[in-house]
Amino acid sequence: MKLSLQHVLIVILIVVSVCPMISADDGYNLWMSYRKLDDSAILKEYKQAFSSIVIEGDSETLGIVREEVKKGLEGLLGADVPVLSTLSKSAALVIGTSSQSQVIQELNFSNELTLLGRDGFLIRSVKVKGIPAIIIAANEDVGLLYGSFHLLRLIQNGQSLTDVNIHSKPRIQYRLLNHWDNLDRSVERGYAGKSLWKWDELPGTVDTRYKDYARANASLGINGTAVNNVNANPIFLTAKYIAKLKVLADVFRPYGIKLFVSIRFSSPLRPASNRNSRRGGIGSLETADPLDPDVRRWWKEKIKEVYQSIPDFGGFLVKANSEGMPGPQDYNRSHAEGANMLAEALAPYGGIVIWRAFVYDADVDPDRAKRAYMEFVPLDGQFHNNIFVQSKNGPIDFQPREPIQPLFGAMPKTPLMLELQITQEYLGHSKHLVFLAPMWKECLDFDTYAKGQNSQVSRVIDGSLHNYPMTGIAGVANTGSDRNWCGHLFAQANWYAFGRLAWDHNLSSEEIAEEWIRMTLSRNDDVVKTVKSMMIGSWEACVNYMTPLGLHHIMQAGFHYGPQPSYAKSSRLDWTSVYYHRADSVGLGFNRSSSGSNATSQYFPPWRQRFDKIETCPDEYLLWFHHARWDHKMQSGRTLWDELCYRYNIGVDYVKEMRRKWTTLEKDIDPDRFSHVQEKLATQEKDAAIWRDTCLGYFQKFSKMPIPEYN
Ligand code: GCW
């Protein structure tokens, strides 16, 4: 059948009119919707400055830069912005490296550029032969990509570019996402639909979303991703899966993103007879002992095979001897011996090992909070220099609030990679609006006193405190195949915040929230203010309605959403709630002071003493470190019981207030996103009240005190 042009046009018209789901506001475009600016003064400035884009040079990455900047500027300015290869007579945006762009070369920025390393960039307003230009210069194409996204961010935030002069480079070298994605596309602790990776379609079919994922990460400077769950299936290292991984690595590469894989330590073994077992491998050996020559050979060959397909492969992420995963201790070898075997095999290719410190063997100490420190600190200095020890922010497990993991500062000879959790396993899944930047900042800004004052966690992980040879940070991803990527529209802000802090941990939560709101939701100052005021206190509120005053691990078993303080029977004591809160007729909390488990001794002075004494322990951590009496006098002057009731109540009240504020924005936010958030907030309010009522009802059985009235 032959179709006339008229027919084709009619079909196109029909398709366009019945496909509102491709609307710009379904959340798919994240913080990159590039809606036209409406402030006429700033629009005029930008239009004058960007009459064209000049990009000299050619590479896949530069192709992406070209496309992004054109799309971004045209969207934001609502005008055509041609891409040229040489500067014309009117003001332009000039993008290039000195090796590929003559304009940049002639500007002679070499001194400044050398300070910016591989990923850094320069954005500056200059004159080129009398013509005003804004330039983005970098040493590598990937720096230009980061610089371009940064410029677009400035424009989206309406910042004036007159006399702009920005030097930017990441403070941390490895900025990674860790996906806990399984082979069957389920995502452990994922709340945004199935995994993005369609393993059964790969390598033949390449979902366009892989590219969009890479683009979103690149827009933040995220430069690596471990694509599969740390509870790893060894199948990812079979030839069949290496071919699939290669396709992902090829998509990610021009965006500056390296692929990492989580491995199972027992991979050289024969497959386990039970497919669901965490043991077993993909080989034919009888042992996975890291000192066994056959095992070492097996890994060398496997790694060679991987690099033949993926020459810039990042390396391995390893969960070993943790929660039933095999590891070197199965053969009486240490974590260092296990990690070193892999590191040696990866080193010739520039690969690294990320070895997780999330271990809590009950034989090590009766207090779970102490175990990782006790196992890892004695190994400091024994790891090869291409190994990171990766630790969660707190000593237990991504609880709503934890004091920092005392490992930070205590391993000066081992690069520590900070592991944060973007997905809200313990913070209301994708049902609650909880902006996590303030939590991460609390951790990053915490002064460990490892080398006296000014020894913040941020300085441990950016390497400046101990001169680490490499530096890294990882976030457990909250992405999935939901159209809006993260389930909750506001969960996108956590992905965003992670990336921004990984690049520059000095940014404040307020700055990050404001950027995200302007780029995603609205540029109206009143709306920005209101939404920001919702986001900024949302984490503290969640702590209050879930686990105030240092309570922890009292959530519903397994599912980790609602409260279950009564949970007492499990195969492991340290999976119950009663193990952690220790409520009795005297009081509440886990005594980790020197009269209890003495976990406080793992911190540097003065924290050691401050945490140890109930009088000086901050209220935020009181029940983490102390078993306090119900009538203990808090810093507020209230008794513990009254303060507990108060905190649970103000937590719920905050959610009510967020809901009220959101309602006032109805006319400012597009209807789909407005009602999406409105529904989520209603659920959050209901479930926050369940947390409060369940926990207070339960603890009241011990305190035997009345719940005071609050209005
Ligand atoms: O908190 C626990 C989670 C597990 C997770 C584990 C870990 C991937 O409940 O789902 O397993 O942490 O970090 O290894």
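Everything discussed here concerns the structure shown above.
On a predicted model such as this, the values are computed, not experimentally measured, just so you know.

About the criteria used
- Residues numbered from 1 in each chain as written.
- Predicted model: local features only at pLDDT ≥ 70, side-chain atom pairs only at ≥ 80, totals over all residues.
- Heavy atoms only, no water.
- Helix = DSSP H or I, 4+ residues; strand = E, 2+ residues; numbered from the N terminus.
- Buried < 20%, exposed > 50% of the residue type's maximum accessible area, 1.4 Å probe, protein only.
- Contact = heavy atoms within 4.5 Å.
- Lys, Arg positive; Asp, Glu negative; His and termini not counted.
- Charge placed at Lys NZ, Arg CZ, Asp CG, Glu CD.
- Axes fitted to C-alpha atoms, helices over the stretch in contact; angles between N-to-C directions.
- Left-handed = near helix turned anticlockwise from the far one by under 90°.
- Nonpolar A, V, L, I, M, F, W, Y, C, P; charged D, E, K, R; others polar.
- Near = heavy atom within 4 Å.
- Polar contact = N/O pair within 3.5 Å; in protein donor to acceptor, adjacent residues only side chain to side chain.
- Areas by Shrake-Rupley, 256 points an atom, 1.4 Å probe, with all protein chains shown as cover.
- Pairing = 2+ DSSP bridges.
- Phe/Tyr/Trp six-rings, centres within 6.5 Å; stacked < 30°, edge-to-face > 60°.
- Salt bridge = Lys/Arg side-chain N within 4 Å of Asp/Glu carboxyl O.
- Right-handed = clockwise from strand over helix to strand, strands pointing away.
- Core = buried A, V, L, I, M, F, W, Y, C linked by side-chain atoms within 4.5 Å.
- 1 Å grid on protein atoms, 1.4 Å probe; cavity = no way out; pocket = protein on both sides within 12 Å on 5 of 7 lines; lining within 4 Å.
- Points joined across faces, edges and corners; volume = space filled by probe spheres on them.
- Disulfide = S-S within 2.5 Å.

Chemist: Can you walk me through the overall build of the chain in this structure?
Modeler: Scanning the chain for helices and strands turns up 22 helices and 16 strands. Projected onto its principal axes, the C-alpha positions of the chain cover 80 × 70 × 65 Å. Relative to its full complement of 711 residues, the chain shows a buried share of 60%. Residue pairs at least 24 apart in sequence account for 72% of intrachain contacts in the chain once pairs closer than 6 positions are excluded. A distance of 1 Å separates the average location of the 80 positive side-chain charges in the chain from that of its 80 negative side-chain charges.

Chemist: Whenever I open this one, the packing of helix H8 (residues 239-252) against helix H9 (residues 293-309) confuses me. Can you help?
Modeler: Working note: a packed helix pair is described by the angle between its axes plus the distance between those axes. It is the contact of H8 with H9, at a shortest axis distance of 9 Å, that shows an interaxial angle of 35 degrees. Considering only the axes of H8 and H9, their crossing is right-handed. Where H8 approaches H9, its residues Ala239, Ile242 and Lys246 are matched on the opposing element by Lys302, Glu305, Val306 and Ser309. Here the residues of the contact of H8 with H9 are counted per class, giving three nonpolar, one polar and three charged.

Chemist: Can you walk me through the site of the ligand in this structure?
Modeler: If you check the shell around the ligand, you find 15 residues, and the closest are Glu188, Lys319, Arg356, Asp397 and Glu425. Between the ligand and the protein, one listed contact pairs an oxygen atom with a side-chain N or O atom of Lys319 at 2.6 Å. Residue Glu425 places a side-chain N or O atom 2.6 Å away from an oxygen atom belonging to the ligand. Considered on its own, the ligand offers 340 Å² of accessible surface; in the complex 97% of this is hidden by protein. Considered class by class, the residues forming the shell around the ligand number four nonpolar, three polar and eight charged.

Chemist: Is there a simple way to explain the sheet that holds strand E11 (residues 352-356) in this structure?
Modeler: Where strands meet in a sheet, backbone hydrogen bonds hold them as pairs that are either parallel or antiparallel. Around the barrel, eight strands lie side by side as E7-E8-E9-E10-E11-E12-E13-E14; this closed barrel has parallel pairing. Geometrically, the sheet is characterised by an average inter-axis angle of 25 degrees between neighbouring strands, direction not taken into account. Judged from the three bridges that link them, strand E8 (residues 224-226) and strand E9 (residues 258-263) form a sheet pairing that is parallel. Bridging from a neighbouring strand, Thr225 pairs with Leu259 of E9. Sheet contacts for H8: E8 and E9; angle to E9, the most-contacted strand, approximately 145 degrees. Running over the sheet, helix H10 (residues 335-346) touches E9, strand E10 (315-318), E11 and strand E12 (387-392) and is turned about 160 degrees from E11.

Chemist: Could you clarify how one ought to interpret the environment of Glu337 in this entry?
Modeler: Relative to the assigned elements, Glu337 resides in helix H10. Sequence separation between Glu337 and Leu291 is 46 residues; the distance between their C-alpha atoms is 7.7 Å. Residue contacts for Glu337: discarding those within four places in its chain leaves Pro290 and Leu291.

Chemist: Help me out: how do you make sense of the packing of aromatic side chains in this one?
Modeler: The geometry of an aromatic ring pair is captured by two quantities: the separation of the ring centres and the angle between the planes. As enumerated under the stated definition, the model contains 42 aromatic pairs in all. For the ring pair Phe236 and Tyr241, a centre distance of 5.6 Å and an interplane angle of 70 degrees mean the geometry is edge-to-face. On the basis of relative accessible area, Phe236 is assigned to the buried category, the value being 2%. A centroid spacing of 6.4 Å and a plane angle of 10 degrees characterise the contact between Phe376 and Phe383, whose relative ring orientation is stacked.

Chemist: What's the story with the pattern of salt bridges in this structure? I'm lost.
Modeler: When charged atoms on two side chains of opposite charge get close, those side chains can pair. On inspection of all chains with the given rule, the structure shows 45 salt bridges. For Asp525, the salt bridge is made with Arg518, and the minimal N-O distance between the two is 3.0 Å. Using a relative accessible area of 13% as the deciding quantity, one classes Arg518 as buried. One salt-bridge network, held together by shared partners, links Lys246, Asp250, Arg253 and Asp312.

Chemist: Can you help me understand the pairing of strand E7 (residues 174-178) in this one?
Modeler: The side chains of a regular strand alternate between both faces of the sheet. Counting buried residues in E7 gives five out of five residues, a clear majority hidden from the surface. Burial along E7 is two-sided: Tyr174, Leu176 and Asn178 facing one way and Arg175 and Leu177 facing the other are all buried. Sheet topology note: the E7/strand E14 (residues 472-476) ladder contains five bridges and is parallel. Across the sheet, the residue bridging to Arg175 is Ile473, located in E14. By the bridge criterion, three bridges tie E7 to E8 in an arrangement that is parallel. For Asn178, the partnering residue across the bridge sits in E8 and is Ala226. With helix H7 (residues 208-218) bridging E7 and the parallel E8, this β-α-β connection has right-handed handedness.

Chemist: What is the right way to read the nonpolar core from this model?
Modeler: Soluble, globular proteins show a tendency: their nonpolar side chains are buried together. With 216 residues, the main nonpolar core has Phe50, Phe252, Trp495, Leu644, Trp662 and Phe699 as its most contacted residues. The dominant element in this core, judged by the number of residues it contributes, is helix H22 (residues 671-703), at 10 residues. If we skip the residues at most four places from it in the chain, Phe252 touches Trp197, Tyr210, Tyr213, Ala214, Thr225, Val227, Ile257 and Leu259. Counting residues in each nonpolar core, the second largest holds 14 residues, with Ala92, Leu113, Ala133 and Ala137 among its members.

Chemist: What should I look at first to understand the sheet that holds strand E1 (residues 52-55) in this one?
Modeler: Strand order in the open sheet made by the six strands is E2-E1-E3-E5-E4-E6, with mixed pairing throughout. Strands with a single pairing partner mark the edges of an open sheet, and in this sheet they are strand E2 (83-84) and strand E6 (165-168). Docked against the sheet, helix H3 (residues 60-77) engages E1, E2 and strand E3 (92-97), running at close to 170 degrees with respect to E1. Those strands touched by helix H6 (residues 141-156) are E3, strand E4 (121-128), strand E5 (131-138) and E6, and its axis lies near 125 degrees from that of E5.

Chemist: Hey, could you run me through empty space enclosed by the protein in this one?
Modeler: Any empty space left between atoms is shown by rolling a water-sized probe over those atoms. Taken as a whole, this structure holds seven cavities of 30 Å³ or more when the rule is applied. One number sums up the size of the largest cavity: a volume of about 100 Å³. Lining of the largest cavity is provided by 14 residues; of these, Ala357, Phe358, Ala372, Pro395 and Gln405 occupy positions nearest its centre. Of all the secondary structure elements, the ones that give two or more residues to the lining of the largest cavity are helix H11 (371-376) and E12. With three residues, the top contributor of residues to the lining of the largest cavity is E12.

Chemist: Hey, could you run me through H7 in this one?
Modeler: Every α-helix winds through 3.6 residues per turn, so residues three or four apart in the chain are directed the same way. Summarising burial for H7: eight of the 11 residues are buried, a large majority. Listing the buried residues of H7 in full gives Arg209, Tyr210, Tyr213, Ala214, Arg215, Ala216, Asn217 and Ala218. Considering only its buried residues, H7 is in contact with H3, H6, E7, E8, H8 and helix H14 (492-503).

Chemist: Please explain the state of the cysteines as it appears in this structure.
Modeler: Formally, a disulfide is one covalent bond, and it connects the sulfur atom of one cysteine to the sulfur atom of another. Per the stated rule, a full pass over the model turns up zero disulfides. Free of any disulfide, Cys443 has its nearest cysteine sulfur in Cys542, 17 Å distant. For Cys443, a relative accessible area of 6% corresponds to the buried category. In this structure Cys542 is a free cysteine whose sulfur lies 12 Å from that of Cys695, the closest cysteine sulfur available. A relative accessible area of 0% means that Cys542 is categorised as buried.

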